[in-house]
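Tertiary structure, described
So the chains spell out like this:
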2 protein chains.
Amino acid sequence: MNQTVKVQPRIQAGFMELLPAQQILFDKFLETIRETYEEFGFAPLDTPLIEISEVLLAKIGEDTKKEIYRFTKGDDDLSLRFDLTVPLARFVAMNAQNLTFPFRRYQIGKVFRGERPQKGRFREFYQCDIDILGNGELSLINDAEIPAVIYRLFSKLNIGEFVIRISNRKILTGLMESLGAGEKAESVLRIIDKLEKIGQETVRKELVDMGLSAVNADQVIEFVKITGSNKEILGKLRGMKIVNETFESGVAELETVVKLAGEFGVPEKNMQIDLSIARGLSYYTGTVYETKLLNDKVTGSVCSGGRYDDLAESYTNQSYPGVGISIGLTRLFSQLLSADIIQAEAATPAKVLVVTLDEDLNYAIEVATKLREAGVMTELYTEPDKFKKKLNYANKIGVPFVAIIGGDEIQARKVSLKNMKTGEQQTVYIEVAIKSLKA
Amino acid sequence: MNQTVKVQPRIQAGFMELLPAQQILFDKFLETIRETYEEFGFAPLDTPLIEISEVLLAKIGEDTKKEIYRFTKGDDDLSLRFDLTVPLARFVAMNAQNLTFPFRRYQIGKVFRGERPQKGRFREFYQCDIDILGNGELSLINDAEIPAVIYRLFSKLNIGEFVIRISNRKILTGLMESLGAGEKAESVLRIIDKLEKIGQETVRKELVDMGLSAVNADQVIEFVKITGSNKEILGKLRGMKIVNETFESGVAELETVVKLAGEFGVPEKNMQIDLSIARGLSYYTGTVYETKLLNDKVTGSVCSGGRYDDLAESYTNQSYPGVGISIGLTRLFSQLLSADIIQAEAATPAKVLVVTLDEDLNYAIEVATKLREAGVMTELYTEPDKFKKKLNYANKIGVPFVAIIGGDEIQARKVSLKNMKTGEQQTVYIEVAIKSLKA
């Protein structure tokens, strides 16, 4: 053994690294997300993790800037991507002539934010995004198809009840305009976005501190608390008789999107108008979504997004309006695991482990090869250990079946297939084993 | 339109970014690799892209050090991973008590090397690795299973004839020992590794410059040029009557591995002993592999690896011997594409595009939703464009089928399904369309 000084193996706080059984579960989430996005015709994109700082940070705020992993390499000023939206904007502006619009893309990948680590916050995490971009214009039907994707995806993920909360930023903007405070609309939206997190009193205080009158602050808070069925809320909005073009256009859009989403098969119980949904980013210009699991143990929005007028304005004069959403998968997965809503199972993708009673592996190799050729995920136990140790290994990795091979099996050219859950064991021909394993 | 100053959208040289049709093709490669690795019971691992420099660079050479993307964030000295092997070593040393050995893991992910960009070299590229690690020991059967994985994978990828070239570093090391130059063995292996790249004359010169006698340099070169079938080469090695334990052990291991790989179903034409295969890294201690496509347009090894005695020695006194391989997928894919060995096809994963003759989308939404529920990947054309523009879009993205909906189809509750390759068109019920599309 090498007795030189050792470095303590470790990783940074805020980076998720999973053991095999958990990783297999995580990968199933990735697979379901990918499959659902493709089902709706979104095409994959895979942008570099490292971008040129001047390009990536063209329009970034000071707060976000602090979080960027930025560095130089030779003469180059580089940064790790902090989301998948800015790289999409850069990609579209760069490659527009080779793309066909509407351009539907998904991207699943890690992004980096070097904030101070705290519970439930990650510095490296997966985002799973879809966006539909028009060249110059994009119809409102797309705003209704996005909830259909969310609905189908979260139904498939099978992690409990969920609701897509929807609003339209034009509504609150129009309300502010009608109150003669249109120039404060963006700040109001940013503060309202925090309602659930900081509570009504703090929101009121922030609204007033920002320059809204106490009366207007109360009006805004009462407004975003309007409840009822989607139809009732839309009725109440119409009933307010607010004469403002922005407001009316926002209400009309919201009504259309909600109606069309229903036609796309999204039940009303899974999509509810909530006027307090505002999204913090000034970026959004119309429809906004947040998705909540109806489970106290999973906090915050698990899937958010909305409509924007001009994605790539930092890079081009051509306008690309679009609509999209993002899932912060690392945080969601970590919460689901902590809350025991999902459980890791086997630490191997194999369906069966081939083990031998003695050290002769020739027939075992033949069996494993035949199983794999038939499409059965098969692990061969290769080490000359005692049989007990081999079965112990099978139990530890949680493989569902073990194919046991001893002298009798070799003679008869069979295997003894053991179901590790039930303990049931049968000595059968390989072809029969394949059938059981593929069933 | 926003007329402010624009930043030119661009990415760094040496970073591969694909258009949708190419990306879909690339993802098929990723999927086949993942599927094959899992078929052999390898479990997924996903380590952080950012590691602590002290940990990642514990044992790195000066040459490689220059290529590292290294930076500070706050007080932390961090680096982007440059391969997947060092993170594996770190992971195993950190988590050994929660792993079951032999530990079979695969990892597919991007790694970073900031070298000067040149044709065919990437600064950000995918590695696709498998490794099997023992705790203290690992049987030689694993060295034979690895070529079985390579064989199955490259057969499935369907990118032409290939050969896995195999050797064992102990053979050349033993030869050097028998020549009384054992201390030069590592340098000899490093120089021989370049034979194909720099040619025989330059290798001879480097061997002599390094301190080998001209006679010995010639002996080494003649030795690695030994040709014949696997059986013939093994016979010639035995016939040399070299009395050296390392040499004999190397020949015996090579013979066993070649024989067992045959039992794992690897045909001899796909696995050939080649004594010039040395691998540059001192890291390898036994079996070594390189895989070549039998196509002049794809140069270098597309899949390399071997056996090592002690993976995690930088981090722990516990020894983890193992065997593994790595595919540099970005370079391989880029060469295959340039050589026209593979061709991108559709720019959408959708099997069918639903288009309407007029602006009424209600029935089209219903059709698209039904198709998706039946598992058909379906894109809905959402924009109120002229029909000709819609069909033009279908042609551009290369979608195989279009489901056309006009007044007649709505009335009859049917669709007109058009095969975009043959031009054939049939008006059928949705259920019939689903059957055709799933066939």
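Residues numbered from 1 in each chain as written. Chains lettered and ligands numbered in written order. Predicted model: local features only at pLDDT ≥ 70, side-chain atom pairs only at ≥ 80, totals over all residues.

Quick look at the overall build of chain A now. Looking only at helices and strands, chain A features 17 helices and 16 strands. Dimensions along the principal axes, computed over C-alpha positions, put chain A at roughly 90 × 55 × 45 Å. Of all 439 residues assigned to chain A, the portion counted as buried reaches 46%. Taking contacts inside chain A between residues at least 6 apart in sequence as the whole, the part at least 24 apart equals 68%. (Helix = DSSP H or I, 4+ residues; strand = E, 2+ residues; numbered from the N terminus. Buried ≥ 20, exposed ≤ 12 C-beta atoms within 10 Å, placed from the backbone. Contact = placed C-beta atoms within 7 Å.)

Taken together, the contact pairs 85 residues of chain B with 84 residues of chain A. When residues in the side of chain B that touches chain A are grouped by element, the largest group, 6 residues, is from helix α1 (residues 20-39) of chain B. Split into classes, the residues belonging to the side of chain B that touches chain A amount to 38 nonpolar, 22 polar and 25 charged. (Nonpolar A, V, L, I, M, F, W, Y, C, P; charged D, E, K, R; others polar.)

Right, let's talk about the pairing of strand β3 (residues 70-73) of chain A for a bit. Consecutive side chains along a regular strand alternate between the two faces of the sheet. Residues and elements named next belong to chain A. Here β3 pairs with strand β4 (residues 76-80) via 4 bridges, running antiparallel. When the sheet's bridge partners are listed, Thr72 is paired in β4 with Asp77. Adjacent in sequence and paired antiparallel, β3 and β4 are bridged by 2 residues, among which Gly74 carries a positive phi angle near 60°. (Pairing = 2+ DSSP bridges.)

Now for the sheet that holds strand β13 (residues 378-380) of chain A. Residue and element names in this part refer to chain A. Overall, mixed pairing links the 5 strands, which are arranged β13-β12-β14-β15-β16 in an open sheet. The sheet is open, and its two borders are formed by β13 and β16 (425-429), each paired with just one other strand. Each adjacent strand pair in this sheet contributes to an overall mean axis angle of 30°, direction not counted. Pairing between strand β14 (residues 401-405) and strand β15 (residues 414-419): 4 bridges, direction antiparallel. (Axes fitted to C-alpha atoms, helices over the stretch in contact; angles between N-to-C directions.)

Below, the discussion takes up the relation of the copies chain B and chain A. At an RMSD of 0.1 Å, chain B and chain A line up after a rotation of 180° and a shift of 0.0 Å along the axis. Accordingly, the operation relating the two chain copies is best matched by a two-fold axis. Using C-alpha coordinates, one finds that chain B approaches the rotation axis most closely at Phe71 of chain B, a distance of 2.9 Å. With an isologous cut-off of 70% or more, the 99% of interface residues of chain B that recur at the interface of chain A puts this contact in the isologous class. (Least-squares fit on C-alpha atoms with pLDDT ≥ 70 in both.)

We now examine the environment of Pro9 of chain B. Here Pro9 of chain B lies in the segment before α1. For the pair Pro9 of chain B and Glu35 of chain B, spaced 26 residues apart in sequence, the C-alpha to C-alpha distance is 36 Å. Residue contacts for Pro9 of chain B: discarding those within four places in its chain leaves Val55, Arg90, Ala93, Met94 and Tyr315 of chain A.

What follows concerns the domain arrangement of chain A. Assigned domains of chain A: these are domain 1 (20-338) and domain 2 (352-438). Computed from C-alpha atoms alone, the centre-to-centre distance between domain 1 of chain A and domain 2 of chain A is 50 Å. (Domains from an automatic or database assignment.)

Residue and element names in this part refer to chain A. Spatially, 3 strands are ordered β2-β4-β3 in an open sheet, and the strand pairing comes out antiparallel. Single-partner strands in this sheet number two, and they are β2 (50-52) and β3. Across the sheet, the axes of successive neighbouring strands diverge by a mean angle of 40°, strand direction being ignored.

Residue and element names in this part refer to chain A. Among the 6 residues that make up strand β10 (residues 303-308), 6 are buried, leaving the element largely enclosed by the rest of the structure. Pairing of β10 with strand β11 (residues 322-328), which is carried by 5 bridges, proceeds in the antiparallel orientation. Looking across to β11, one finds that Tyr308 is bridged to Gly322.

Residues and elements named next belong to chain B. Tracing the backbone shows Ala144 in helix α5 (residues 141-157). For the pair formed by Ala144 and Glu263, sequence separation is 119 residues and the distance between their alpha carbons is 8.9 Å. Ignoring anything within four residues of it in the chain, the contact list for Ala144 reads Val257, Leu260, Ala261 and Phe264.

Bringing helix α15 (residues 387-397) of chain B into the picture now. Residue and element names in this part refer to chain B. Those residues of α15 lying buried are Tyr393, Ala394 and Ile397. With its buried residues spanning 100° around the axis, α15 presents them on a single face. What points out from α15, more than 90 degrees from its buried face, is the exposed set Lys388 and Asn395. Downstream of α15 by one or two residues, Gly398 has phi in the positive range, about 70°. (Arc of directions from axis to C-beta.)

Between two packed helices, what matters for the description is the angle formed by their axes and the separation of those axes. All names here are of chain B. Packing of helix α7 (residues 185-192) against helix α9 (residues 200-210) brings their axes to within 10 Å, and their N-to-C directions diverge by 160°. Accordingly, the angle class assigned to the pair α7 and α9 is roughly antiparallel. The element α7 and its partner α9 pack so that their crossing is right-handed. Contacts between α7 and α9 involve Ser187, Val188, Ile191 and Ile192 from the former and Val203, Glu206, Leu207 and Met210 from the latter. In the contact of α7 with α9, the residues fall into 6 nonpolar, 1 polar and 1 charged. (Parallel < 35°, antiparallel > 145°, perpendicular 65-115°, else oblique. Left-handed = near helix turned anticlockwise from the far one by under 90°.)

Here we come to the confidence of the model for chain A. Of all residues in chain A, 99% have pLDDT values of 70 or greater, and the mean over the chain is 95. Overall fold confidence for the complex sits at a pTM of 0.96, while the interface term, ipTM, reaches 0.96. (pLDDT = per-residue confidence, 0-100.)

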